[in-house]
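Secondary and tertiary structure notes
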Amino acid sequence: MSAPKHVEPVGEAPLHGLLAEYDSPETLKKAAEKIRNAGFKNWDTFTPFPVHGIDQAMGIRPTILPWLILGGGMTGCALALGFQWWANGVDYPFLISGKPYWSVPANIPITFELTVLFSALTAVFGMLGLNKLPQPAHPLDLSERFSRSTDDHFYLLVQASDPVFDEKETGTLLETSGAIGVEAIPEDVKSESHVPRGLQYALLIITAAATIPFALSAYARESKMTHTRFDIVPDMDFQQKFKAQRENTFFADKRADRPQIEGTIAYGELNEDDHFYRGKVNGVFARTFPAQVPIDEQTIARGQQRFGIYCTPCHGQAGEGDGMVNQRASALAEGTWVPPSNLNDDRLRQMGVGEIFNTITNGVRNMPAYGPQIPTADRWAIILYVRAIQRSHKAAVADLSAEERASLK
Amino acid sequence: MRRAKLNMAHDNHVQLDDNIQIGSEATDFGKKAFGIGGVALVLALVLGGGPFGREFLIAYLVAFMYSLAIGLGLLWFVTIQHLTNAKWSVVVRRVAEIIAANMSVLAVLSLFLIVPALMGNSTLYAWVDPAKVAADRVLKHKAGYLNIPFFAIRCVVYFGFWWLLSRHFLKRSVEQDTSGKAEINTKLQTLAAPSMIAFALTLTFATIDFVMSLDPGFFSTIFGVYYFGGAVACAYSFLALSLMWLQGKGRLLNSVNREHYHDLGKMMFAFGVVFWSYIAFSQFMLIWYGDVPEETHWFHDRFQGDWKIVSGALLACHFVIPFFGLLSRYVKRNRKTLAFWAFWILVIEYVDLYWLVMPTFGEDVIPSVLSLLVHLLAWVGVGGLFIGAAASRTKGLNLIPTKDPRLAASLAFENP
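Conventions we followed
Residues numbered from 1 in each chain as written. Chains lettered and ligands numbered in written order. Predicted model: local features only at pLDDT ≥ 70, side-chain atom pairs only at ≥ 80, totals over all residues. Helix = DSSP H or I, 4+ residues; strand = E, 2+ residues; numbered from the N terminus. Rg over C-alpha atoms; globule rule 2.2 N^0.38 Å. Buried ≥ 20, exposed ≤ 12 C-beta atoms within 10 Å, placed from the backbone. Domains from an automatic or database assignment. Core = buried A, V, L, I, M, F, W, Y, C linked by C-beta atoms within 7 Å. Pairing = 2+ DSSP bridges. Axes fitted to C-alpha atoms, helices over the stretch in contact; angles between N-to-C directions. Parallel < 35°, antiparallel > 145°, perpendicular 65-115°, else oblique. Contact = placed C-beta atoms within 7 Å. Nonpolar A, V, L, I, M, F, W, Y, C, P; charged D, E, K, R; others polar. pLDDT = per-residue confidence, 0-100. Expected span 1.5 Å × (residues − 1). Bend = angle between axes of the 7 residues up to and from the residue.

**A few points about the overall build of chain A**
Scanning chain A for helices and strands turns up 16 helices and six strands. The globule rule puts the C-alpha radius of gyration for 409 residues at 22 Å, and the 41 Å found for chain A is more than 25% above it. Viewed in the frame of its principal axes, chain A has a C-alpha envelope of about 120 × 75 × 40 Å. With 409 residues in all, chain A has 18% of them scored as buried.

Next up, the structure:
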């Protein structure tokens, strides 16, 4: 705010209102009650700090701001939920760890944030709006007397625009209200009433610039790249290193990743036992478990646990090919889905353990290779558990204990 | 506010125009509550199968954690008022100090839970039984923490600390009523800082020991905070209702006004509705998306059968309904509406604790009429003894710290 300017005589500028000055909050409150009771509408008080009870003295009705904030918060809440529902459940359904496409718990953090954000923004801008801020200029800025309103004096302004306002009567009313002085405030005819031109241009440029990212996004959605993109950070886009599966002119074969040198084996990867590591005996898939796999309850339990982690998403808890992934993929009905095998099929019951081991290790159809993920011994443990499942599906009476047999009679 | 501050600097001694002692009205009420509580507890023991009876122990655990929540919540309230040098709360602080000072009673009542555990009775806690520990990999793994001697030591630390702290706060505060020494505030503020850290740790581990270890396979690091949220909400609700009861008896009429109730209401809203929900959801969401069987089974138990309805009811009655109910300023400033929501929070907190404990034992929502009766009796029993002791403790004490230097500011307190 600029320093107080010279005040023109009242005669030239129209009257804005009458300003009364008080030296304590108590006298101000009493005066406010007087003005309130006289039925004025366009008037206000100015104090250097919040004065308790001034709202009642002025007869100010409770603000509607809380309701606006509630509305803002509910809007944010509905918008967040609605948009996530549309994006996750309708526009781009994408399966994430077997959960429903539109999963409310996952939406809560964003819903919470947007509710808070919208409430807060409504509070700030609602407060500014209800207070008619920002005001670039106000006639009171020109009053020398008014400068103590941020220090230690208290003021009351009645505007000339008020229907009950009468320069003489109102002046007398204020003078008898305990004021230590009353001053006529002229309208501010000098200061520009609108936003300064420079600021207008700045706002215009900022607004225009703010649309650029959106325009670029819209362009990117609709266009196909035909040229190299613009590299903003070249040394991040082109790093001084060799990446796997890339060309490298240093070597004669121009491959960045080097093949294993013939006749060598990496440390700890000898794996010469064909039965254990490849499920083969004499070049044919084995029909027996290798000696390294103990056939006992502990191994089955280990297999059950690993099966639960790696196999159930597709093959289901009982190996019937009804896992969560299959259920969801089938529900999408895209036509390209190859359903996982039912492990209890006769084909798989008769398949040798070596071949099953090979399937787990290297994958088959659209089942990926699990060799890199599951240690060898665990793969065998899983097969042992699969055998247990298969047996449980066609259990013979001889498999039951005496007690269980008795309960069936 | 400004004037009150200026006055305070010159004059520590405010002329109180109020009835600030309750006398025999409270002690008579205390005796009655004590009697009813005692009878209810005996009946709960008889109907619930004695001190080692499964029905009794489960019901007693819920009831005990409930009264403990009020006590601990108020102890936390007193601690944080000193820690932050709070002015608004001085007129309500003494009542909180008096109720919180009954940690001794709660310590004695906790023996019903601790002694059977120490004797190796595994009705509640599987980890006290060596045979069960030997048979379970998880229990074996956790035996370094969940074992009887260490549990006994922890219980002594928990209740010892809470007892000493609450007693000290009340004692020093009462001492100020006669001596008027302002430095008592400074000393209590210094004490409050480390006490707050110790309080957080003891509350967290006590919740883990008494409630979370019912299901030793489950673990959630936020579990203590969850109990804390409910406890603080209960404490503010109970404090508001206690003050209304005192005012109904003609006490504190000129000291405690709607400004103070408004603040209590804000805290009820903050802790009982928002904080509790925030913590409850944080706990749920991490387990939900992590989807690890060791953790999910705990919620799975609570989303089965009728428990699903209770879980939904908690969401509605601990969050959605009171959120809109307590949101408005007018509701918090009106004594009747505030009393309604205080009751609401106290009821729903019981449901919350019931929901924490019961599904772990594989129980239905209402296993039997007898079980419900034992729960009710245990709740009345522990609550009656706790309230009775609190009411008796008012004897000869001022209900306001009359010479606290911040009293003038508290009396003149106005919400902006």
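Further notes follow.
**Brief notes about the overall build of chain B**
Helix and strand counts for chain B stand at 18 helices and zero strands. The C-alpha atoms of chain B give 22 Å as radius of gyration, which agrees with the globular expectation for 416 residues (22 Å, within 12%). Dimensions of chain B, computed from the C-alpha atoms along their principal axes, are close to 70 × 40 × 40 Å. Counting all 416 residues of chain B, 44% fall into the buried class.

**Describing the domain arrangement of chain A**
Taken domain by domain, chain A comprises domain 1 (7-192), domain 2 (197-237) and domain 3 (274-404). For domain 2 of chain A and domain 3 of chain A, the distance between their C-alpha centres works out to 54 Å.

**Section: unusual backbone geometry**
All names here are of chain A. Pro-134 follows Leu-133 through a cis peptide bond whose omega is 0°. The residue Asn-282 is not glycine, and still its phi comes out positive at about 55°. Its place among the elements puts Asn-282 in the loop between strand S5 (280-281) and strand S6 (284-285). Under the C-beta neighbour-count criterion, Asn-282 is labelled exposed, with 7 such atoms within 10 Å.

**Digging into the nonpolar core**
Counting residues in hydrophobic clusters, the biggest one holds 123 residues, and the most contacted among them are Leu-239 and Met-268 of chain B. Broken down by element, the residue count for this core peaks at 20 residues, all from helix H3 (residues 54-83) of chain B. Grouped together as the second largest cluster of nonpolar side chains are 21 residues, Tyr-22, Leu-28, Leu-156 and Leu-173 of chain A included.

**Observations concerning the pairing of strand S2 (residues 43-46) of chain A**
Residue and element names in this part refer to chain A. The alternating pattern of S2 places Trp-43 and Thr-45 on a buried face and Asp-44 and Phe-46 on a face that is not buried. Direction of pairing for S2 relative to strand S3 (residues 154-159): antiparallel, over a ladder of four bridges. Paired with Asp-44 across the strands is Leu-157, a residue of S3.

**Section: the pairing of S3 of chain A**
All names here are of chain A. Counting buried positions along S3 gives five out of six residues, so the element sits mostly inside the fold. Here strand S1 (residues 15-22) runs beside S3; their pairing, made up of six bridges, is antiparallel. Looking across to S3, one finds that Leu-19 is bridged to Leu-157.

**Here we look at the packing of helix H10 (residues 297-310) of chain A against helix H15 (residues 376-393) of chain A**
Residue and element names in this part refer to chain A. It is the contact of H10 with H15, at a shortest axis distance of 7 Å, that shows an interaxial angle of 95°. Relative to H15, the element H10 lies roughly perpendicular. Contact with H10, carried on its side by Thr-299, Ile-300, Arg-302, Gly-303, Gln-304, Arg-306 and Phe-307, involves Asp-378, Ala-381, Ile-382, Leu-384, Tyr-385 and Ala-388 of H15 and no other residues of that element. Grouping the constituent residues of the contact of H10 with H15 by class yields seven nonpolar, three polar and three charged.

**Notes on the environment of Ala-301 of chain A**
Residues and elements named next belong to chain A. Its place among the elements puts Ala-301 in helix H10. Since 13 C-beta atoms lie within 10 Å of it, Ala-301 is described here as partly exposed. When the C-alpha positions of Ala-301 and Leu-384 are compared, they lie 9.5 Å apart, and in sequence the two are 83 residues distant.

**Quick look at the confidence of the model for chain B**
Residue and element names in this part refer to chain B. Averaged over every residue, the pLDDT of chain B is 92; residues scoring 70 or more account for 97%. Note that residues 1-11 has pLDDT below 50 and, in this model, twelve contacts with residues that lie over four places away or in other chains. Interface confidence in the predicted complex, given as ipTM, is 0.83; pTM for the same model is 0.76.

**Here's the deal with the environment of Leu-43 of chain B**
Among the structural elements, Leu-43 of chain B can be located in helix H2 (residues 24-47). Along the chain, Leu-43 of chain B and Leu-373 of chain B lie 330 residues apart, while their C-alpha atoms are 9.6 Å from each other.

**Examining the confidence of the model for chain A**
Considering every residue of chain A, the mean pLDDT works out to 88; 97% of them sit at 70 or more. The low-confidence segment residues 1-10 of chain A, where pLDDT is below 50, has eleven contacts with residues more than four positions distant or belonging to other chains.

**Some thoughts on helix H14 (residues 307-326) of chain B**
All names here are of chain B. Along its 20 residues, H14 runs 26 Å from first to last C-alpha, staying within 8% of the 28 Å computed at 1.5 Å per residue. Bending of H14 peaks at approximately 35° at the position of Ala-316. Looking at H14, one finds that the buried residues are Val-310, His-318, Pro-322 and Leu-326. Residues of H14 that are buried sit in contact with helix H12 (258-290), helix H15 (329-333) and helix H16 (335-357).

**What about the environment of Tyr-92 of chain A?**
Its location among the elements puts Tyr-92 of chain A in the loop between helix H3 (65-91) and helix H4 (104-130). For Tyr-92 of chain A, a count of 9 C-beta atoms within 10 Å gives the class exposed.

**Points about the sheet that holds strand S4 (residues 181-186) of chain A**
All names here are of chain A. With antiparallel pairing, four strands are arranged side by side in an open sheet as S2-S3-S1-S4. The strands lining the two open edges of the sheet, one partner per strand, are S2 and S4. Strand-to-strand, the axes of this sheet are offset by a mean angle of 20°, without reference to chain direction. Sheet contacts for helix H1 (residues 25-37): S1, S2 and S3; angle to S3, the most-contacted strand, approximately 20°. The sheet contacts of helix H5 (residues 167-175) involve S1, S3 and S4, and relative to S1 the element is tilted by about 10°.

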